[in-house]
Amino acid sequence: MTVESTAARKPRRSAGSKAAGTAGSEAGTTGAKRTTRTTRTAAGKGSATELVQLLTPEGKRVRKPAYAEYAEYVAGITPEELRGLYRDMVLTRRFDAEATALQRQGELGLWASLLGQEAAQIGSGRATREDDYVFPTYREHGVAWCRGVDPTNLLGMFRGVNNGGWDPNSNNFHLYTIVIGSQALHATGYAMGVAKDGADSGVIAYFGDGASSQGDVSEAFNFAAVYNAPVIFFCQNNQWAISESNEKQTRVPLYQRAQGFGFPGVRVDGNDVLACLAVTRWALERARHGEGPALIEAYTYRMGAHTTSDDPSRYRHDDERAAWEAKDPILRLRRYLESANHADEGFFAELEAESEALGKRVREVVRAMPDPDRFAIFENVYADGHALVDEERAQFAAYQASFAEAEGV
């Protein structure tokens, strides 16, 4: 399969069924009208105090009665689908590494790496259906991949050549949101509209542990609960809100905050792609059946810097990262694939070649991106123009002309 066709492929429509666990199944989600069940309370199912884990760091399947409700959603997953999840994570990590390198080479102004968070993003992203809608932050490169957004389209904003790079309605994947936490409100409002339309699609809002301290997120929780909106709040708790640790963000586990608003909260092993896939399928199914919102806290770790302008060595120790490297999401799934004889060396070699091709294409596309119009910043500020903007445009034009004059001397 070529890299181009991979980037354009449609998301697997597998989120709606507990039993099938295979692409294309939509059991329990048919019909234009949203069915209604008795809404579970925050103290009911989905409020387990344990970390939901279905695959250990050593690559062994976990079979505990406490996780049975969630394990049911991946019980029928096939070797082909498992290889697909592994491939998604490997190629997403390669794309992320290329983007980081391009920023270091001066080709991008900034980059927010997802290194270490691949399982949380691929697992939750592959749980969505094509008609679901996703509201990301600025780090959901793996979710964008699952939604069929060409990875090179993510780089235009970071290179300064556009304001987004893709049509949100083409993939039901909203533009990246830089303002911390605001997308939670956008997602809630959209989900309220979905419910009023009688559709059975779900909405997911992604945010980090730092954003959980923003008022916007609390407001979104409240609106979603009161209006029983079909929205999933997916918090990637990567332990550090830039340089602020979890201990300075919250006094209780983040997933428990859902109880105060009256809907379920679940903490899942964010480095376990199977657990993330299963729990997100569970949350989306209950949302589609009129049972309202849910909060998923994917407990993971940011292996790299917050962005390429950050130096994590100033606020955390190397041994902390080393401990989390042992829980690497990609290595974990590879161990399982190998032990279960679901993948051979030919598969891994082919994937490595595909990874190299993706890296090459990313480099070529970014370096070929045209420079933006320097004066575009002055357009569309006011509908009918403004004297001050005209003055600023003239000053900027004179400043730009001074370089040409200097070169001509």
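Relevant structure appears above.
Bear in mind the structure is a predicted one, so any value in this text is a computation, not a measurement.

Chemist: I'd like a rundown of the packing of aromatic side chains, residues and numbers included.
Modeler: Given two aromatic rings, their pairing is described by the distance between the two centres and the angle made by the two planes. Scanning the model with the defined rule gives 27 aromatic pairs in all. Relative to Phe-135, the ring of Tyr-133 has its centre 5.1 Å away and its plane inclined at 40°; by these criteria the two rings are tilted. Classification of Phe-135 by relative accessible area gives buried; the value is 4%. Seen from their ring centres, Phe-223 and Tyr-227 are 6.1 Å apart, and the 10° between their planes marks the pair as stacked. On the basis of relative accessibility, which here comes to 43%, the residue Phe-223 falls in the partly exposed class. What makes Tyr-227 partly exposed here is its relative accessible area of 48%. One aromatic cluster is present, formed by Phe-95, Trp-111, Phe-158, Trp-166, Phe-173 and Tyr-176 through successive ring pairs. If you follow Lys-327 out to its NZ or CZ, it ends over the ring of Trp-324, 4.2 Å from the centre.

Chemist: Quick rundown of the pattern of salt bridges? Include the residues and the values.
Modeler: Across all of its chains, the model carries 22 salt bridges by this definition. Taking the shortest distance from any N to any O, the salt bridge between Arg-93 and Glu-118 comes out at 2.9 Å. Separated by 25 residues along the polypeptide, Arg-93 in helix H3 (residues 79-104) and Glu-118 in helix H4 (residues 118-125) bring together distant segments of the chain. Residues Glu-379 and Arg-393 are paired through a salt bridge, measuring 3.8 Å at the closest nitrogen-oxygen approach.

Chemist: Outline unusual backbone geometry, supporting the account with residue identities and numerical values.
Modeler: A positive phi angle, near 55°, is found at Asn-228, a position not held by glycine. Among the structural elements, Asn-228 can be located in the loop between helix H9 (215-226) and strand S3 (231-237). With a phi close to 55°, Asn-341 is a non-glycine residue in the positive phi region. Mapping Asn-341 onto the fold places it in the loop between helix H13 (329-339) and helix H14 (345-368). Residue class for Asn-341 comes out exposed when judged on its relative accessible area of 69%.

Chemist: So what's going on with the pairing of S3? Which residues, and what values?
Modeler: Burial of S3 is extensive: seven of the seven residues sit out of reach of the surface. Relative to S3, strand S2 (residues 203-208) is paired through six bridges, and the arrangement is parallel. Paired with Ile-204 across the strands is Ile-232, a residue of S3. With respect to chirality, the unit in which S2 leads through H9 into the neighbouring parallel S3 is right-handed.

Chemist: Give a description of the nonpolar core that names residues and reports values.
Modeler: Soluble, globular proteins show a tendency: their nonpolar side chains are buried together. Grouped together as the largest cluster of nonpolar side chains are 70 residues, with contacts concentrated most on Tyr-86, Leu-155 and Leu-333. Top contributing element to this core by residue count: helix H11 (residues 273-288), with 11 residues. When neighbours within four sequence positions are excluded, Tyr-86 is seen to be in contact with Ile-330, Leu-333, Arg-334, Leu-337, Phe-347, Phe-348 and Leu-351. Core analysis: the next-biggest nonpolar cluster, separate from the first, contains 22 residues, Val-203, Phe-207, Ala-229 and Leu-254 among them.

Chemist: Quick one: what's the story with a nonpolar patch on the surface, residue by residue and with numbers?
Modeler: On the surface, Phe-223, Val-226 and Tyr-227 cluster together into a nonpolar patch covering about 330 Å² of accessible area. On the accessibility criterion, Val-226 (58% relative accessible area) is exposed.

What counts and how
- Residues numbered from 1 in each chain as written.
- Predicted model: local features only at pLDDT ≥ 70, side-chain atom pairs only at ≥ 80, totals over all residues.
- Heavy atoms only, no water.
- Phe/Tyr/Trp six-rings, centres within 6.5 Å; stacked < 30°, edge-to-face > 60°.
- Buried < 20%, exposed > 50% of the residue type's maximum accessible area, 1.4 Å probe, protein only.
- Lys NZ or Arg CZ within 6 Å of the ring centre and 35° of its normal.
- Salt bridge = Lys/Arg side-chain N within 4 Å of Asp/Glu carboxyl O.
- Helix = DSSP H or I, 4+ residues; strand = E, 2+ residues; numbered from the N terminus.
- Pairing = 2+ DSSP bridges.
- Right-handed = clockwise from strand over helix to strand, strands pointing away.
- Core = buried A, V, L, I, M, F, W, Y, C linked by side-chain atoms within 4.5 Å.
- Contact = heavy atoms within 4.5 Å.
- Patch = residues over 30% accessible without salt bridge, like charges linked within 9 Å, V, L, I, M, F, W, Y side chains within 5 Å.
- Areas by Shrake-Rupley, 256 points an atom, 1.4 Å probe, with all protein chains shown as cover.

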